[in-house]
Structures are given as C-alpha cells and as structure tokens.
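Notes for the structure review
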Amino acid sequence: MADQEPSASTSSMAGSGEGTDVGVEPMKLLGVGKRHMVMEDFAAAVNAFQDACRLLSAAHGEIADQCGEAYFCYGKALLELARMERGVLGNALQGVPDADDEDDEDNDEEETATAEDPKIESTANMDGTCAADTSEAEDDNVDSAEKDGESEEVDNLQLAWEMLELAKVIFKRQEAKEIQLCAAQAYLKLGEVGIESENYIQAIEDFNECLNIQQKHLGPHNRLLAETHYQLGLAYSFDGQHDSSLKHFKESFSVIEKRLSMLMERIEKAEEKGKSPAKDNDAVSEDKQEIEELKELLPEIKAKIEDAEESKDGKATKAFQETLVLTGKTDETPASSSSSVSNISHLVRKKVSLFFELVCLDLWRLCCALVCVI
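Residues numbered from 1 in each chain as written. Predicted model: local features only at pLDDT ≥ 70, side-chain atom pairs only at ≥ 80, totals over all residues. Heavy atoms only, no water.

1. What about the environment of A160?
Operational definition: Helix and strand definitions follow DSSP, with helices as H or I runs of at least four residues and strands as E runs of at least two, each counted in order from the N terminus. Relative accessible area decides the class of each residue, using a 1.4 Å probe on protein chains only: under 20% of the type maximum gives buried, over 50% gives exposed, and in between gives partly exposed. Only heavy atoms matter for contacts: two residues are in contact if any of them lie within 4.5 Å across the pair.
Tracing the chain through its elements places A160 in helix α6 (residues 121–172). Exposure remark for A160: the relative accessible area of 0% places this residue in the buried category. Expressed as a C-alpha distance, the spacing of A160 and K76, which sit 84 residues apart in the sequence, is 6.8 Å. Not counting chain neighbours up to four residues away, the residues in contact with A160 comprise G75, L78, L79 and V193.

If you want it as structure tokens, here you go:
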C-alpha cells in the first residue's frame, strides 16, 4: 500500500480528559477542512481550520498537544491559499499593457492629429494633460491594488509560517514515532514556505531537519523520503548550489526505484501464493495503482536531474573561463598570426618603390643615348 502522510489525530484529540463534548466540534471542523483541501477549496479550508484552532486553544491552551494537528492543517491550508493567490495575481497581470506603451501610443496619435490640423494643437495639449492625469490616477489605483494583493499574500505566508512553527514545537517535544514523523512534515511545509518566500537558506535548513527525522523512522523505500529529497533539490537549485541539487534529485530518483522494486516483488509473491481473499486482491490492486503513479513521477525527476547537470556544467565552464581571464592565460596566437598574414601593405609598398626605381633608370639610360647621337 502507499505510504500515508503521518497524522497526529490520535495525540491531538485523545489527550483530552475533559469529556468527549470538548473535542467533538473541533473534530468535525477538521474533517470539513480536510474535505475542502481535497476539493482544493483552500479559502473554505482555512476558515474551517481557523475555527478548529480557536476552539482547541480556548479549551486546552495555545501550546497544548491537542492543538498540534489543527495548527498543522491550518498552516498547510494557508500555504496553499497563498500559492493560489499568487497564481491568480500572475494570471490577472498577464496581457496588461505597460503604462509607458499606452503613453507612447497616445503621444503618437496626438502628434498625427496636430500635424494634420495645426488649429487643434492647443486642444490636443489640453486633452493630453487630462489624459495624463487620468492615466496617473489609474496607475496609482493599479499600484495600490497590487500592493494590497502582495501584502495579503505576505500575510498568508507569514501566518502559515507561524502556525507551522507552533505545530512543529508541539510535535517535536513528543517522543512517539508517529508524532515525530508529524514534526518532520511540519519541517517539510516550513521549507516550502521558505521557497515561496525566496528564503532558500532557511528552506534548506528545514528540509534537512525533516530528512534527518525521516531517516531515523522510515525505510529506504518510503515515498516521503523521495519527496523530501526532491524538495531539497529544488531549494539547492534555486540557491545556485547545483552539486547538492543534483545529489538530492538523484536520491529522490533512487528512492522511487527502490519503491518500485519492492512493490513489484510484493505483487509477485502475492500472485505466486494464489490467494483469493478480497483483502489481498485489494492490496495488490493498490500496489499496481501506486506503481503507475510512481512511473509517472520518474520522467519529471529525470528532467530535473538533466537540468541540474546542465546548470552544473555551465557553471563549471564559466568558472574556468573566469580563471583563464584572471590568470592571463588566454591564447592570443591565432589573432596575432592572422594579423601578420592579413597585413601585407608593407610588401606592396616595397614592390611599388622598386618598380619606380627601374623605370627611372631606363629613362636615364635613354637620355644618355640620345645625347651621344646628337
């Protein structure tokens, strides 16, 4: 079966000794929020998780163990909402002409009209002034709207970071294996927030913390390891560390291959035994479905490996060229030889001078012969 993402539901809700009524409503809200996440309705999910966090923190305290899962889900939903808003803002700004281009077109039209009819020059100037004022007002409105959108996005990312930090602290102080893996997932999401915020150094640190926890508790073929290695490869790539990026992309590819081998062996063993119970058949079908999913992931990871190799080679070539320039070891022989071969003007001048000398000598001899005859 596929590796499941760790859940802290048992720890976050079972610790309540104050009766079942306290945890019923938050549990319902968490369920509603998770359904909204599956449907990618992130705004509704944020609202549901926010209400769950409010109820749990009021009942147990802001840093109680019972709040861990709600904080984590809330932070994850905020991160997805921030990503969605960024995509919507980017799509909205596509195709919008620059203000400079619009001004240039207006000026061209005014100049053409003025050239055709000089009498409307003053009117055109007045219209141009009004149009400029209107354009400036519209630009100010657009700029303010963009700033509002950016501030809202930054607010969502900041709030996501804060909630994930709280969840990480709550998970990390608990020693149970399942809760430690939840702490690893919190680190993973914190790293994704770092990438979205372009804070790649912090993202790399969070991803490495996640990887350290996962390697203690997970097998070498677990898909969660592949995801973490992939995220580390992205973070290193954005930070320009192509060697480390290539290493982690290859590790992610290797984990997927190990997972595929393990699943295929498990299917073969199940088919050899010839078991017919429905439960075994369901498990085999799930394994086959996961194999198809993993095979679809391999080309994408392979493409990332190729990109990292090209970036690494390009960086090495550039560094080598810079070293040659700094040390002065550039090959100038071809240029100098080409210059010496192409520049033959001094030889031409020598040949012309010799020709004139011979002509003058012949003329002098001819004059001498004529004098003697006379």
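There's more to say after this.
2. What to know about the pattern of salt bridges
Operational definition: In what follows, salt bridge is the name for a side-chain nitrogen of Lys or Arg lying within 4 Å of a carboxyl oxygen of Asp or Glu.
Under the criterion given, the structure shown has 14 salt bridges. Its salt-bridge partner being R83, residue E196 comes within 3.2 Å of it at the nearest N-O pair. In this pair, E196 is assigned in helix α7 (residues 177–196) and R83 in helix α4 (residues 68–93), connecting sequence segments 113 residues apart. Close ionic contact of K189 with E192 constitutes a salt bridge, the shortest N to O distance being 3.5 Å. Of this pair, K189 and E192 both sit in helix α7, three residues apart, which is roughly one turn of that helix. Comparing K189 with E192, the two get one shared label, buried. Members of the salt-bridge network, linked through shared partners, are E80, R83, R86, K189, E192 and E196.

3. Here's the deal with the confidence of the model for the protein chain
In plain terms, the rule: pLDDT is defined as a per-residue confidence score from the predictor, taking values between 0 and 100.
Summary statistics for the protein chain give a mean pLDDT of 77 and a share of 59% for residues scoring 70 or more. Ranking the elements of the protein chain by mean pLDDT puts helix α12 (residues 333–342) last with 42 and helix α8 (residues 200–217) first with 97. Confidence drops under a pLDDT of 50 for residues 118–124, and excluding neighbours within four residues, the segment shows four contacts in the predicted structure. Long-range and interchain partners of residues 330–352, a stretch whose pLDDT sits below 50, account for one contact in this model, where long-range means more than four residues apart.

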